Amino acid sequence: MRLVAEGLGRSFGARRVLRDVSFELGAGEVVAICGANGSGKSTLIRMLAGLLMPSAGQTWLEIAGRWLGAQERRSASALAAPGIQPYLHLSFTENLQFFTQGRGQSCNAEELAELVGLSGRQSDLVESYSSGMVQRVRLALALSAEPVALFLDEPTQFLDASGRDIVAEIVRRQRLRGLTVIATNDEFDASLADRTLTLTTGRPT
Amino acid sequence: MRSVVRGAWAVLLKDFRSEFRTRYALSAIALFALTSIAALSFVLRGQAMQPEESAGLSWIIVFFAAVTGLARPFVQEAESGTELLLRQAATSEAVWLGKFLFSLVLMLGLEAIIFPVYSALMNAPVVRVWYLALVAALGAVCLSAATTLIAALVCKARARATVFAVAALPVMLPALVFLVQASGSAFGAGDAGGESASALRLVVSYSGILIVLSWLLFPLVWEE
């Protein structure tokens, strides 16, 4: 299993956000992408998750010696990010059911609620949740897909101490299933990774 | 294909759950339609209209009601930040099909209310009910296919509601003209053959073109 990025770049209009990003990640590995605000971390992680087309370069995901096509790749990946909102008028369980049903998977909402610390609140509409609880929903949604490649953008944002422990547990479990990419500025998040890729004005340093 | 149907079902179910709880699209459409009919009935005071006029006015109300509410399913995804979750949950084909079916059911429900209320309040008796039902069903298919693609397009714009109304007009206008011609006979203008039947064929053809174009172009609009 390998995730490969080669010469990745992205521009928005005339503004170039990322350039020449290359790295490789294997099974069980965790990499942290760090950098100042606006350095292109979120853009890079969206490209790696197959949700944003690069303007330059390419990125591949290989499983069992086979490079995955765009559709397969998206099915094998999941991204949890602050810019991804769950449906506020649905409950925790309904959000998970929608997400996994759409991907042709099934999920154990109760087990996931327990893992992210939302036991007993699964039936409440997400609109009644605090920002920390919504962040836990994001993590549960990404985990429900049982992804080979897990992408976490600022995973501990809004979380308390117990929430941080949950993120550490998620990363530990993901090492057994596949690989993890974390985009962060937080020291705790970065400490969960084996190595760090630092972006400075859109370039790796 | 199975994954497309499964994904579309998930999107449809999710949209119905949300709509059932918020009633954003339904309220917008129903309020517009019923207010328009009530206002028109006061202005015309039960005056009898020509069948062609009855058909024209009814479809104008359906058209603007659709423009008012049918952008909601997509615009809401962009406004509430759920677009990326949807893109991870379903393929672009599944999203198109799910949203198209949602709009279609909404349109059919809307027409089932608008035409009887319109007929009763506007003194516009429907002489061929089943023929009107057929034209209305085809109209719903046509308008839903058009609005699904245009709503996905305007998601990327800033003033989404305004852009949607402006962008929808040229695409939906030919459909509106054909639908008015086709439904004239339902309100008593001539028989169901002749001009009315050829207009109906045009509605079917235009719907087909819109569905194919919408299906083919949607992935280009939806995927970044």
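See the structure printed just above.
Residues numbered from 1 in each chain as written. Chains lettered and ligands numbered in written order. Predicted model: local features only at pLDDT ≥ 70, side-chain atom pairs only at ≥ 80, totals over all residues. Heavy atoms only, no water.

Colleague: What is the right way to look at the sheet that holds strand E9 (residues 195–200) of chain A in this model?
Modeller: Remark on secondary structure: sheet strands pair via backbone hydrogen bonds, oriented parallel or antiparallel. All names here are of chain A. The strand order across the open sheet formed by 6 strands is E6-E7-E8-E3-E9-E10, and the pairing between neighbours is mixed. For this open sheet the edge positions go to strand E6 (77–80) and strand E10 (203–204), each flanked by a neighbour on one side alone. Sheet analysis places strand E3 (residues 30–35) next to E9, joined by 5 bridges and oriented parallel. Paired with Ala 32 across the bridge in E9 is Thr 196. Relative to the sheet, helix H6 (residues 161–177) contacts E3, strand E7 (149–153) and strand E8 (179–183), its axis offset from that of E7 by approximately 160°. (Pairing = 2+ DSSP bridges. Helix = DSSP H or I, 4+ residues; strand = E, 2+ residues; numbered from the N terminus. Contact = heavy atoms within 4.5 Å. Axes fitted to C-alpha atoms, helices over the stretch in contact; angles between N-to-C directions.)

Colleague: Just checking my understanding: could you explain the nonpolar core for this structure?
Modeller: Note that soluble globular proteins tend to have their nonpolar side chains buried in a common cluster. Leu 44, Leu 48, Phe 92, Phe 151 and Val 181 of chain A are the most contacted members of the largest nonpolar core, which totals 146 residues. In terms of residue count, helix H7 (residues 129–154) of chain B provides more of this core than any other element does, 15 residues in total. Contact partners of Leu 44 of chain A, with chain neighbours within four places excluded, come to Leu 8, Leu 18, Val 21, Ile 33, Leu 197 and Leu 199 of chain A. (Core = buried A, V, L, I, M, F, W, Y, C linked by side-chain atoms within 4.5 Å. Buried < 20%, exposed > 50% of the residue type's maximum accessible area, 1.4 Å probe, protein only.)

Colleague: I keep staring at the packing of aromatic side chains and nothing clicks. Help me out?
Modeller: The way to describe two aromatic rings as a pair is by their centre distance and the angle between their planes. Under the defined criterion, the tally for this structure stands at 12 aromatic pairs over all chains. Considering the side-chain rings of Trp 60 of chain A and Trp 67 of chain A, the 6.0 Å spacing of their centres and the 55° angle between planes classify their relative orientation as tilted. Given the relative accessible area of 26%, Trp 60 of chain A is considered partly exposed. With relative accessibility at 41%, the residue Trp 67 of chain A sits in the partly exposed group. Plain terms: the ring middles of Trp 59 of chain B and Phe 115 of chain B are 5.4 Å apart, the flat faces sit at 65° to each other, and that makes the pair edge-to-face. In this pair, Trp 59 of chain B sits in helix H3 (residues 51–69) while Phe 115 of chain B sits in helix H6 (residues 92–121), placing the two residues 56 residues apart along the sequence. (Phe/Tyr/Trp six-rings, centres within 6.5 Å; stacked < 30°, edge-to-face > 60°.)

Colleague: Got a minute to help me understand unusual backbone geometry in this structure?
Modeller: The phi torsion of most residues other than glycine is negative, and most of the peptide bonds are trans. One non-glycine residue, Phe 158 of chain A, adopts positive backbone phi at about 70°. Mapped onto the elements of the fold, Phe 158 of chain A is located in the loop between E7 and H6. On the basis of relative accessibility, which here comes to 47%, the residue Phe 158 of chain A falls in the partly exposed class. Positive phi, close to 55°, is recorded for Arg 23 of chain B, a residue that is not glycine. Here Arg 23 of chain B is to be found in the loop between helix H1 (2–22) and helix H2 (24–44). Residue Arg 23 of chain B is classed as partly exposed on the basis of its relative accessible area, which comes to 41%.

Colleague: Teacher, can you tell me more about the interface of chain A and chain B here?
Modeller: By convention, interface size is frequently given as the accessible area that disappears when the constituent parts associate. In this complex, chain A contributes 27 residues to the contact, which on the side of chain B involves 27 residues. Counting the surface lost from both chain A and chain B, the interface buries some 2,500 Å², and carbon and sulfur atoms represent 58% of this. The largest share of the area that chain A buries against chain B comes from Tyr 87, His 89 and Phe 98 of chain A, three residues that together contribute 25% of it. Linking chain A to chain B there are 2 salt bridges. Salt-bridge contacts for Arg 21 of chain B lead to Glu 94 of chain A; the nearest nitrogen and oxygen are separated by 2.7 Å. Connecting chain A to chain B are 10 residue pairs in polar contact (both at pLDDT 80 or more). (Buried area = accessible area lost by both parts, 1.4 Å probe. Salt bridge = Lys/Arg side-chain N within 4 Å of Asp/Glu carboxyl O. Polar contact = N/O pair within 3.5 Å; in protein donor to acceptor, adjacent residues only side chain to side chain.)

Colleague: How do you make sense of helix H3 (residues 92–102) of chain A when you look at a structure like this?
Modeller: Count 3.6 residues to each turn of an α-helix, and residues three or four apart come out pointing the same way. For H3 of chain A, the tally of buried residues reaches 8 of 11 residues, placing the bulk of the element in the interior. Residue Gly 104 of chain A follows H3 of chain A closely and has a positive phi angle near 75°.

Colleague: Looking at this structure, I do not really get the packing of H7 of chain B against helix H9 (residues 194–222) of chain B. What am I missing?
Modeller: In a pair of packed helices, the angle between the axes and the distance between the axes together describe the arrangement. Residues and elements named next belong to chain B. At a minimum axis separation of 9 Å, H7 and H9 run at an interaxial angle of 25°. For the element pair H7 / H9, the angle class is roughly parallel. Classified by chirality, the crossing of H9 by H7 is left-handed. Residues of the contact of H7 with H9, tallied by class, amount to 21 nonpolar, 3 polar and no charged. (Parallel < 35°, antiparallel > 145°, perpendicular 65-115°, else oblique. Left-handed = near helix turned anticlockwise from the far one by under 90°. Nonpolar A, V, L, I, M, F, W, Y, C, P; charged D, E, K, R; others polar.)

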